[in-house]
Amino acid sequence: MRTFLRVAGFLRPYWWLFLLTFAGNVLLGSIGAVTMAVIEPVLGTLFGTSTAAATTTGAAASLKERVFSLLFGWLVAPSPAATLVHLAWFIVGLFVAKNIIKYASGQLNVRLSEWVIRDMRQLVFERLLKLPVSFFNRSKAGELIALVTSEVTTMHSALMPFVVTLVRAPVEIVLLLALLIAISPLLTLVALSTSVGTLLLIRTARHYLRRYSQRMQHAAAQYTSTLQEGVAGIRIVKAFGSERRLVSRFASDLERYVRSAVKLSAVSDLVPAIGETLAIAALAVVLVVGGHQVFNGTLRGADLMTFLFALFAIMAPVASLVGVPGQVQRGIVAAERVFAIVDSADRLSDGTAECPPLVRHIRFEHVHFSYDEQRAVLEDITLELPRGKTVALVGLSGSGKSTIADLLVRFYDPQHGRILYDGTDIRTFRLESYRRRFGVVAQDTMLFNDTVAANIALAKPDASAEEIERVARLAHAHEFIMQLPQGYDTLVGDRGVQLSGGQRQRIAIARALLADPDVLIFDEATSALDSESELLVQQAIGEVLRDRTALVIAHRLSTVRDADVIYVLDRGRIIEQGTHAALLAREGMYATLYALQTEGVRL
Ligand SMILES: Nc1ncnc2c1ncn2[C@@H]1O[C@H](COP(=O)(O)OP(=O)(O)O)[C@@H](O)[C@H]1O
Ligand SMILES: [Mg+2]
């Protein structure tokens, strides 16, 4: 119920629209019943069945008659021919009104729906981007995408029509039921008792419907995820020839989906079939019982006909109302999934203080960190990043270098120990203002589908053309950018011009420099490059590093020789530290690695 109210909360900004739709549906619901109620007595009068003939229908009937003549007496003209014309006009008018209302409320409803779904998607995406990096490690990208697209649609499409049904159907049911009772309470009782079977049937069916639709939703999430993996990882898939395995996984996901879809429709199509049979059986019983009454003279023929029509008319709204809980169930399941992520509790606590420029140093003090709270990735890391100096981290792959960089920009918080920024624990700063102090260049750079200029200006969208050009020159990117078809206005990214790895890295450096960060972080910025572009990027880095605070991570030791301090990491621990010369002299791990690498170059 709480989930439902929360979904309903999305309607709040559009309450006036909702009220209009609501009113429209109440009107629509009544029109059908009113038509039914009016036509019968008029026909009765028209074809001369005298009102006096109805005897045992009692007080209700006479009340009905009185109300009727009060409201619709004008329909009955002196001559039958004129009455007929009145009736014809009345019916046409009523249906014109009905369709105008139906059209208008349908249109309002579409707007309401689309607006609400837009708000939901936007909220989910907004919240998703606010979640900590650790959340994205655990979740599959495909499932997250499914969340913003299909889950939101499911929750919406399952809950919104419900609002309409819940308004219109009860109005119809109440009015038609009143008509039925007014004609003959006895027959109404007969009809109701034969409907009990239908209700039982629907209850059982609902159980299976829920089960199969859950399986279907689950299978759909799985094949979306496989699809996403295949598309995002296409290079790996092709390089390792795993197309066939992926295809067969996709096939078995689809198979599961199809199986539950077929079962679902097997049950859901059976329901109306059996339901209609049972309903017709009820109708037949009414026909026999009512027919007897007509023969007895206790019921008028016209009344029996109207009763049967009304009984028939009441079935549709009853059926739609009965279908509601199953549908709502599906919507609630989807909504719960969506809200679970939107409210995901494990977010980093945000500080309140604004982060000032770096004056002295950043220090890691006895930092311990683990991704899964079990296997330690960093143990007792103590290091210092003094202002204006270059600090390098080296070590084998998997030793924890990138993790240190991630802790530094607060993608995660350490389990023990602290990170101090000019002596202040970094957790006291507002995340956004703290992260603004850093510029990061990672191993592989993602360019957004936008112009070169916009890609550089990521951290400072209002940067002037001059500023952008200045950092592009610093990053040795200006020359190649000018050779692109539209220079800085060239579209790049996967829908634009494809840039080489070296070019992308130089754009990344320009991007990192633009906001003039206090600290630059290079995480293996050149390791994905061939040696020629590596040299270019290396030159660019060398130049920007002068007088800047920087953390440089590299596995090619030639790139860190000039660093002020080098920390050597091994399985999450710092095992050596010092300048290049000092570390060589120690003849420890660094010296060994360096010897291996320079020999490799000589070979
Ligand atoms: N997102 C993650 N979730 C779980 N474990 C991770 C994650 N990222 C890295 N690790 C593990 O942490 C260790 C250190 O990784 P990393 O810091 O990337 O090393 P490096 O950058 O030195 O190659 C590795 O054992 C790696 O498997
Ligand atoms: Mg790394």
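Residues numbered from 1 in each chain as written. Chains lettered and ligands numbered in written order. Predicted model: local features only at pLDDT ≥ 70, side-chain atom pairs only at ≥ 80, totals over all residues. Heavy atoms only, no water.

Peer 1: It is not clear to me how the confidence of the model for the protein chain should be interpreted in this structure. Could you clarify?
Peer 2: Note: predicted coordinates in regions of low pLDDT should not be interpreted at a detailed level. Per-residue confidence for the protein chain gives a mean pLDDT of 83; residues scoring 70 or more make up 92%. At the level of individual helices and strands, the protein chain shows its lowest average pLDDT in helix 3 (residues 58–72), which scores 60, and its highest in strand 1 (residues 361–369), which scores 96. (pLDDT = per-residue confidence, 0-100. Helix = DSSP H or I, 4+ residues; strand = E, 2+ residues; numbered from the N terminus.)

Peer 1: When you look at empty space enclosed by the protein in this model, what are you seeing that I'm missing?
Peer 2: Summary: where empty space remains is shown by rolling a probe the size of a single water molecule over the atoms. For the structure on display, the rule yields 2 cavities of 30 Å³ or more. What the largest cavity holds in volume is close to 100 Å³. Around the largest cavity, the lining comprises 14 residues; the ones closest to its centre are A525, T526, I553, A554 and T559. Where the lining of the largest cavity is concerned, the elements lending two or more residues are helix 17 (531–545) and strand 10 (549–553). With 3 residues, the top contributor of residues to the lining of the largest cavity is helix 17. Broken down by class, the residue content of the lining of the largest cavity amounts to 6 nonpolar, 5 polar and 3 charged. (1 Å grid on protein atoms, 1.4 Å probe; cavity = no way out; pocket = protein on both sides within 12 Å on 5 of 7 lines; lining within 4 Å. Points joined across faces, edges and corners; volume = space filled by probe spheres on them. Nonpolar A, V, L, I, M, F, W, Y, C, P; charged D, E, K, R; others polar.)

Peer 1: I keep staring at the layout of surface pockets and nothing clicks. Help me out?
Peer 2: Reported here for the largest pocket is a volume of approximately 2000 Å³. For the lining of the largest pocket, the secondary structure elements donating two or more residues are helix 4 (80–130), helix 5 (133–138), helix 6 (141–183), helix 11 (401–408), helix 12 (431–435), strand 6 (438–441), helix 16 (501–514) and strand 9 (519–523). Ranked by residue count, the leading element in the lining of the largest pocket is helix 4, at 4 residues. Grouping the amino acids of the lining of the largest pocket by side-chain chemistry returns 27 nonpolar, 3 polar and 11 charged. Each pocket or cavity is described by its volume, and for the second largest pocket that value is around 1100 Å³.

Peer 1: Please clarify how the packing of aromatic side chains should be interpreted in this entry.
Peer 2: Using the criterion set out here, one finds 12 aromatic pairs in the structure. Ring centres of Y14 and W115 lie 5.3 Å apart, and the angle between their planes is 40°; this geometry places the pair in the tilted category. On the criterion of sequence distance, the pair formed by Y14 in the loop between helix 1 (2–9) and helix 2 (15–46) and W115 in helix 4 is long-range, its members being 101 residues apart. Aromatic rings pair up to connect Y421, F429, Y434 and F438 into one cluster. (Phe/Tyr/Trp six-rings, centres within 6.5 Å; stacked < 30°, edge-to-face > 60°.)

Peer 1: It is not clear to me how unusual backbone geometry should be interpreted in this structure. Could you clarify?
Peer 2: The bulk of non-glycine residues show a negative phi, and the bulk of peptide bonds are trans. Unlike most non-glycine residues, H476 shows phi in positive territory, near 60°. Looking at where H476 falls in the secondary structure, it is placed in the loop between helix 14 (465–474) and helix 15 (478–482). Of note, the phi angle at R571 is positive, near 45°, even though the residue is not glycine. Tracing the sequence through the fold places R571 in the loop between strand 11 (565–570) and strand 12 (573–578). On the accessibility criterion, R571 (68% relative accessible area) is exposed. (Buried < 20%, exposed > 50% of the residue type's maximum accessible area, 1.4 Å probe, protein only.)

Peer 1: Is there a simple way to explain the nonpolar core in this structure?
Peer 2: Nonpolar side chains tend toward joint burial in soluble globular proteins. One finds I456, I509, F522 and Y590 to be the most contacted residues of the largest nonpolar core, which totals 49 residues. The leading source of residues in this core is helix 16, at 7 residues. With residues up to four places along the chain from it excluded, the contact list for I509 reads V441, A475, F522, V537, A540, I541 and V544. (Core = buried A, V, L, I, M, F, W, Y, C linked by side-chain atoms within 4.5 Å. Contact = heavy atoms within 4.5 Å.)

Peer 1: Mind showing me how you'd approach the side chain of D413 here?
Peer 2: Mapped onto the fold, D413 is located in the loop between helix 11 and strand 4 (416–421). What D413 contacts, discounting residues up to four positions off in sequence, is L348, F369, L407 and R427.

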